[in-house]
Amino acid sequence: MSTVRRFEDLIAWQKARALTKEVYRAMKNVRDHGFTDQIQRASVSVMSNIAEGFERGTKQEFLNYLYIAKGSAGEVRAQLYAALDIGYLNIETFKYLKGLAEDCSRLLASFTEKLKERGQLGMQNKLADRKDPLKEFLAGYGYVEKDGRMVPPEKSSAE
């Protein structure tokens, strides 16, 4: 898996963006504003949760938001069935949008499995790799780290 630096680089996010665009396009002439608002918000939720989870910086939070995004993709699929049954969508548009939503779900499921297999991820690596400025300062005065503590030079040689 290559290093992804921005959520915009994630294929799952790109597919979720396409889903959102197409849901808005398909619903633009539907006058049932409560229904259109709900399905549009659910589609936006897919891409937004991928982005928010990515920006959170920890693997566990990212996974949590990916699960939420997958749930929103399922919500979109359920609402697409309602839109078809009510007559807001024709069968071709329904199949197309349902396919996009299923693609999002598949990509999210695959991505979460790969992410769970990986060791560390993202910002927590950067934070862990950062040097502690206080430790660096004390080391300049001869302090050494011992058992997770910074010990003065005279005590480190005596212990």
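Residues numbered from 1 in each chain as written. Predicted model: local features only at pLDDT ≥ 70, side-chain atom pairs only at ≥ 80, totals over all residues. Heavy atoms only, no water.

A. Geometry of the packing of helix α2 (residues 33-56) against helix α3 (residues 59-86). Where α2 meets α3, the axes come as close as 8 Å, and the angle between the chain directions of the two elements is 165 degrees. Relative to α3, the element α2 lies roughly antiparallel. In terms of crossing hand, the pair formed by α2 and α3 is left-handed. Looking at the contact of α2 with α3 residue by residue, the class counts come to 16 nonpolar, 7 polar and 4 charged. (Axes fitted to C-alpha atoms, helices over the stretch in contact; angles between N-to-C directions. Helix = DSSP H or I, 4+ residues; strand = E, 2+ residues; numbered from the N terminus. Parallel < 35°, antiparallel > 145°, perpendicular 65-115°, else oblique. Left-handed = near helix turned anticlockwise from the far one by under 90°. Nonpolar A, V, L, I, M, F, W, Y, C, P; charged D, E, K, R; others polar.)

B. Highlighting the pattern of salt bridges. For the coordinates displayed, the defined rule picks out 9 salt bridges. A salt bridge links Lys 98 to Glu 102, with the nearest nitrogen and oxygen atoms 2.8 Å apart. You can see Lys 98 and its partner Glu 102 sitting in helix α4 (residues 91-117), 4 residues apart, about one turn around the helix. What emerges from the salt-bridge pattern is a single network uniting Lys 15, Asp 103 and Arg 106. (Salt bridge = Lys/Arg side-chain N within 4 Å of Asp/Glu carboxyl O.)

C. Representation of α3. Counted at 1.5 Å a residue, the expected span for α3 with its 28 residues is 40 Å, and the 41 Å between its end C-alpha atoms agrees. Within α3, the full set of buried residues consists of Lys 59, Phe 62, Leu 63, Tyr 65, Leu 66, Ala 69, Ser 72, Ala 73, Val 76, Gln 79, Leu 80 and Ala 83. (Expected span 1.5 Å × (residues − 1). Buried < 20%, exposed > 50% of the residue type's maximum accessible area, 1.4 Å probe, protein only.)

D. Broad picture of the packing of aromatic side chains. Tallied over the full model, the rule gives 5 aromatic pairs. Between Phe 7 and Trp 13 the ring centres are 5.2 Å apart and the planes differ by 70 degrees, which places this aromatic pair in the edge-to-face class. Considered together, Phe 7 and Trp 13 belong to a single accessibility category, that of buried residues. Here Phe 62 and Phe 111 contribute two aromatic rings whose centre-to-centre distance is 5.7 Å and whose plane-to-plane angle is 75 degrees, an arrangement assigned as edge-to-face. In this pair, Phe 62 is assigned in helix α3 and Phe 111 in helix α4, connecting sequence segments 49 residues apart. Overall, the relative accessible area of 4% leaves Phe 62 in the buried class. (Phe/Tyr/Trp six-rings, centres within 6.5 Å; stacked < 30°, edge-to-face > 60°.)

E. Broad picture of the nonpolar core. Formed by 34 residues in total, the largest nonpolar core has its most connected members in Leu 10, Met 27, Val 46, Ile 50 and Val 76. Secondary structure elements with two or more residues in this core: α1 (11-27), α2, α3 and α4. Setting aside anything within four residues of it in sequence, one finds Val 76 in contact with Leu 19, Val 23, Ile 39, Ala 42, Ser 43 and Ala 101. (Core = buried A, V, L, I, M, F, W, Y, C linked by side-chain atoms within 4.5 Å. Contact = heavy atoms within 4.5 Å.)

F. Inspection of the environment of Tyr 143 at higher detail. Relative to the assigned elements, Tyr 143 resides in the loop between α6 (133-139) and β1 (144-146). For Tyr 143, a relative accessible area of 26% translates into the label partly exposed. Sequence separation between Tyr 143 and Pro 153 is 10 residues, and the spatial gap between their C-alpha atoms is 5.1 Å. Not counting chain neighbours up to four residues away, the residues in contact with Tyr 143 comprise Leu 138, Met 150, Val 151, Pro 152 and Pro 153.

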